[in-house]
Amino acid sequence: HGANTMAQRIAAALGGQAAITTAGDLRTGPALDDLPPGWVLDNPDRVKPVTAALLAGDPVALTVEAGDASWLDPDRFGTDGVESILVTERTVQKGTDSLILHPPVLAVGVGAERGVPAQEGLEAVRRVLTENGLAAASVAAVGSIDIKADEPAVLAAADLLRHDPRFLTAEELEAQAPRLANPSDIVFKE
């Protein structure tokens, strides 16, 4: 995976021209299993049938629920097709016929009282994602306030989601207050 991208980078660095011979890339654009940074392919077994449909000239549906999928060249797709691609931050039932792509569009904020065990942080993050039907694969960042940089619950949540945690100052967090759907009076007071 990614050999064509590597060939193009090497060619650009050397002032040459990459010779791309992969039929799918030549006729259908970027490979569906060579995603931009941060994107996650949920069901790789669906790449071949979708690519085959594109190569055969069959219509392929593209539904974008979240993220910027312009790298897929949306003009190549329609709203209906023999195969389909779904770009979503949601969890999707296993066994779906659509190729599922998760864009990096979610941020998880983790707060905890001092000394909360790591397991409680993990359970809270899992619960929130599950209750809201959100895919952990779409998490792009895990953050908290800078005074929580040593809290086991915060660090465990970041580790679970495979991200280095980002710690913000109170002033940086306060600047985001207008964007909050459910602001906490307790947090603002603290």
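Everything below is about the structure printed above this text.
Note that this is a predicted model, so its numbers are computed, not measured. (Residues numbered from 1 in each chain as written. Predicted model: local features only at pLDDT ≥ 70, side-chain atom pairs only at ≥ 80, totals over all residues. Heavy atoms only, no water.)

### A short note on the sheet that holds strand S2 (residues 60-64)
By definition, the strands of a sheet pair up through backbone hydrogen bonds, in either a parallel or an antiparallel sense.
Thought 1: Strands sit in the order S1-S4-S3-S2 across an open sheet of four strands; the sheet is mixed. Since the sheet does not close on itself, it has two edges, and those belong to strand S1 (40-41) and S2, each with one partner.
Thought 2: The pairing of strand S3 (residues 83-87) with strand S4 (residues 99-102) spans three bridges and is parallel. Opposite leucine 86, over in S4, you have isoleucine 100 as the bridge partner.
Thought 3: Against the sheet, helix H3 (residues 47-56) engages S1, S2, S3 and S4, with an angle of about 120° to S3. (Pairing = 2+ DSSP bridges. Helix = DSSP H or I, 4+ residues; strand = E, 2+ residues; numbered from the N terminus. Contact = heavy atoms within 4.5 Å. Axes fitted to C-alpha atoms, helices over the stretch in contact; angles between N-to-C directions.)

### Focus on helix H4 (residues 118-131)
Thought 1: Between the first and last C-alpha of H4 there are 20 Å, a value that for 14 residues agrees with the 20 Å anticipated at 1.5 Å per step.
Thought 2: All buried positions along H4 are accounted for by Gly121, Leu122, Val125 and Leu129. For H4, the angular spread of the buried residues around the axis is 100°, confining them to a single face. Opposite the buried face of H4, by more than 90 degrees, sit the exposed residues Thr130 and Glu131.
Thought 3: On its buried face, H4 is in contact with strand S5 (106-109), strand S6 (139-145) and helix H5 (152-160).
Thought 4: The first or second residue beyond H4 is glycine 133, which carries a positive phi of 65°. (Expected span 1.5 Å × (residues − 1). Buried < 20%, exposed > 50% of the residue type's maximum accessible area, 1.4 Å probe, protein only. Arc of directions from axis to C-beta.)

### Looking at the pattern of salt bridges
Thought 1: Summed over the entire model, instances satisfying the criterion amount to six salt bridges.
Thought 2: With a closest N to O distance of 3.5 Å, aspartate 42 and lysine 94 form a salt bridge. Remark: lysine 94 occurs in the loop between S3 and S4 and aspartate 42 occurs in the loop between S1 and H3; sequence separation between them is 52 residues.
Thought 3: Look at aspartate 42 and you get partly exposed, because its relative accessible area is 28%.
Thought 4: With a shortest N-O distance of 3.1 Å, aspartate 73 and arginine 76 are connected by a salt bridge.
Thought 5: Of the residues examined, aspartate 73 reaches a relative accessible area of 29% and is grouped as partly exposed. (Salt bridge = Lys/Arg side-chain N within 4 Å of Asp/Glu carboxyl O.)

### A word on the layout of surface pockets
Thought 1: Approximately 2,100 Å³ is the volume attributed to the largest pocket.
Thought 2: Along the walls of the largest pocket sit 43 residues, with Gly109, Val110, Gly111, Leu173 and Val187 positioned nearest its centre.
Thought 3: In terms of residue count, the dominant contributor to the lining of the largest pocket is H4 (six residues).
Thought 4: By residue class, the composition of the lining of the largest pocket is 26 nonpolar, nine polar and eight charged. (1 Å grid on protein atoms, 1.4 Å probe; cavity = no way out; pocket = protein on both sides within 12 Å on 5 of 7 lines; lining within 4 Å. Points joined across faces, edges and corners; volume = space filled by probe spheres on them. Nonpolar A, V, L, I, M, F, W, Y, C, P; charged D, E, K, R; others polar.)

### Some thoughts on the side chain of serine 98
Thought 1: Relative to the elements of secondary structure, serine 98 occurs in the loop between S3 and S4.
Thought 2: The residues touching serine 98, leaving out its near neighbours within four places in the chain, are Asn43, Arg46, Ser84 and Leu86.

### Comments concerning the nonpolar core
One broad rule of soluble globular proteins: the nonpolar side chains tend to lie buried together.
Thought 1: The biggest cluster of nonpolar side chains holds 17 residues, and the ones touching the most others in it are Leu32, Leu72, Ile85, Val87 and Leu101.
Thought 2: Looking at which element gives the most residues to this core, the answer is H3, with four residues.
Thought 3: Here isoleucine 85 is in contact with Leu32, Val50, Val60, Ala61, Leu62, Thr63, Phe77, Leu99 and Leu101, once residues within four sequence places are set aside.
Thought 4: Among the nonpolar cores identified, the runner-up in size contains 11 residues, and Leu106, Val108, Val125 and Val154 belong to it. (Core = buried A, V, L, I, M, F, W, Y, C linked by side-chain atoms within 4.5 Å.)

### Notes on the pairing of S5
Thought 1: Side chains Leu106 and Val108 of S5 all project onto a buried face; the interleaved residues Ala107 and Gly109 project onto a face where none is buried.
Thought 2: Relative to S6, S5 runs parallel, the two sharing four bridges. Of the residues in S6, the one forming a bridge with alanine 107 is alanine 141.
Thought 3: In this region the chain leaves S5, passes through H4 and returns to the parallel neighbour S6; the handedness of that crossover is right-handed. (Right-handed = clockwise from strand over helix to strand, strands pointing away.)

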